[in-house]
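# Residue-level structure breakdown
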Amino acid sequence: GEKIMRPAPAGKVMLMPEEDPTTDYIMVATGTGIAPFRGFVRRLFAEDTPAANVYKGQAWLFLGVANSDALLYDDEFQLAKEQFPENFRLDYALSREQENKNGGKMYIQDKVEEYADEIFAKLENGAHMYFCGLKGMMPGIQDMLKGVCESKGIDYDEFIKGLKKSGQWHVEVY
């Protein structure tokens, strides 16, 4: 019966802006980092919320896990995809089941890179990009984004600084 204090992450990093119902959300998760994005998807597509009633943007979820049997909440995501095909996209990176373009394991950064042009266009149009999961994913993500920026003639550091300044870049890793 003794009360204990247990610290937990707190803050506004993973809040979903709802001011503009046309905002696109790009969500990148590894493993249990899927939890906040499950909440986003439920809020936008499964629950009767003010956000769901007016949402016209696209929520795009990337989830990286080792095997398809480790896909968390897949039934819920498949239902959202079926019911809202214009507003919800879903891509999985299965490192032990899929290969990347170079014949290696398919990690989350490889799956995101497949859609780099589309993602960059969405970011240029105000999309919010979220990352949640193991901090080990971020170096691969950052290296991939640097490479894409170079290929597009974009200064990576300035690009990320601009996304952060405009509140479009959200990272919660552990």
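Residues numbered from 1 in each chain as written. Predicted model: local features only at pLDDT ≥ 70, side-chain atom pairs only at ≥ 80, totals over all residues. Heavy atoms only, no water.

This part is about the packing of helix α5 (residues 116–124) against helix α6 (residues 137–152). Running from amino to carboxyl end, α5 crosses α6 at an angle of 85°, the nearest separation of the two axes being 11 Å. By the angle between their axes, α5 is roughly perpendicular relative to α6. For the pair formed by α5 and α6, the contact residues are A116, D117 and F120 on the first element and L145, V148, C149 and K152 on the second. For the contact of α5 with α6, a count of residues per class yields five nonpolar, no polar and two charged. (Axes fitted to C-alpha atoms, helices over the stretch in contact; angles between N-to-C directions. Helix = DSSP H or I, 4+ residues; strand = E, 2+ residues; numbered from the N terminus. Parallel < 35°, antiparallel > 145°, perpendicular 65-115°, else oblique. Contact = heavy atoms within 4.5 Å. Nonpolar A, V, L, I, M, F, W, Y, C, P; charged D, E, K, R; others polar.)

This brings us to the sheet that holds strand β2 (residues 59–65). The sheet built from five strands is open, its strands ordered β3-β2-β1-β4-β5 with parallel pairing. Among the strands making up the open sheet, the edge pair consists of β3 (88–94) and β5 (169–173). On average, adjacent strands in this sheet sit at an angle of 10° to one another, irrespective of strand direction. Inspection of the sheet shows β2 paired to β3 by seven bridges, in the parallel sense. Paired with A59 across the strands is F88, a residue of β3. Against the sheet, α5 makes contact with β1 (25–30), β2, β3 and β4 (128–133), and its axis sits at roughly 135° relative to β2, the strand it touches most. (Pairing = 2+ DSSP bridges.)

The backbone phi angle of Y73 is positive, close to 60°, even though this residue is not glycine. In this structure, Y73 sits in the loop between β2 and α3 (74–83).

Inspection of the secondary structure assignment puts A29 in strand β1. Taking relative accessible area as the criterion, A29 reaches 0% and is therefore assigned buried. Considering only alpha carbons, one finds A29 and G64, 35 residues apart in sequence, at a separation of 6.2 Å. Setting aside chain neighbours within four positions, we find A29 in contact with I34, F37, F62, L63, G64, I108 and C132. (Buried < 20%, exposed > 50% of the residue type's maximum accessible area, 1.4 Å probe, protein only.)

This brings us to the nonpolar core. With 27 residues, the main nonpolar core has V28 and M129 as its most contacted residues. Only β1, β2, α4 (108–114), α5, β4, α6 and α7 (156–165) provide two or more residues apiece to this core. The greatest single-element share of this core, amounting to seven residues, is contributed by α6. Not counting chain neighbours up to four residues away, the residues in contact with M129 comprise I26, V28, V112, I119, L123, Q168, W169 and H170. In terms of nonpolar packing, the next biggest core, distinct from the first, is built from 25 residues, M27, A29, A51 and Y130 among them. (Core = buried A, V, L, I, M, F, W, Y, C linked by side-chain atoms within 4.5 Å.)

Scanning all chains against the criterion turns up 16 aromatic pairs. When the centroid spacing of 5.0 Å and the interplanar angle of 40° are considered together, the rings of F45 and F84 count as tilted. Residue F45 is found in helix α1 (residues 35–46), and its partner F84 is found in the loop between α3 and β3; the two are separated by 39 residues along the sequence. Given a relative accessible area of 9%, F45 falls into the buried group. Among the residues examined, F84 registers a relative accessible area of 28% and is labelled partly exposed. Where Y73 meets F77, the ring centres are 6.5 Å apart and the plane angle is 85°; that geometry is what we call edge-to-face. Judged by its relative accessible area of 30%, Y73 falls in the partly exposed class. Among the aromatic residues, those joined into a cluster by ring pairs are Y25, F37, F40, F45, Y55, Y73, F77, F84, F88 and Y130. A cation over a ring is seen here: R89 above W60, with NZ or CZ 3.6 Å from the ring centre. (Phe/Tyr/Trp six-rings, centres within 6.5 Å; stacked < 30°, edge-to-face > 60°. Lys NZ or Arg CZ within 6 Å of the ring centre and 35° of its normal.)

Moving on: the pattern of salt bridges. Summed over the entire model, instances satisfying the criterion amount to ten salt bridges. The residue K122 makes a salt bridge to D24 at a minimum N-O spacing of 3.2 Å. With K122 in helix α5 and D24 in the segment before β1, this residue pair connects regions lying 98 residues apart in the sequence. Each member of the pair, K122 together with D24, is buried. (Salt bridge = Lys/Arg side-chain N within 4 Å of Asp/Glu carboxyl O.)

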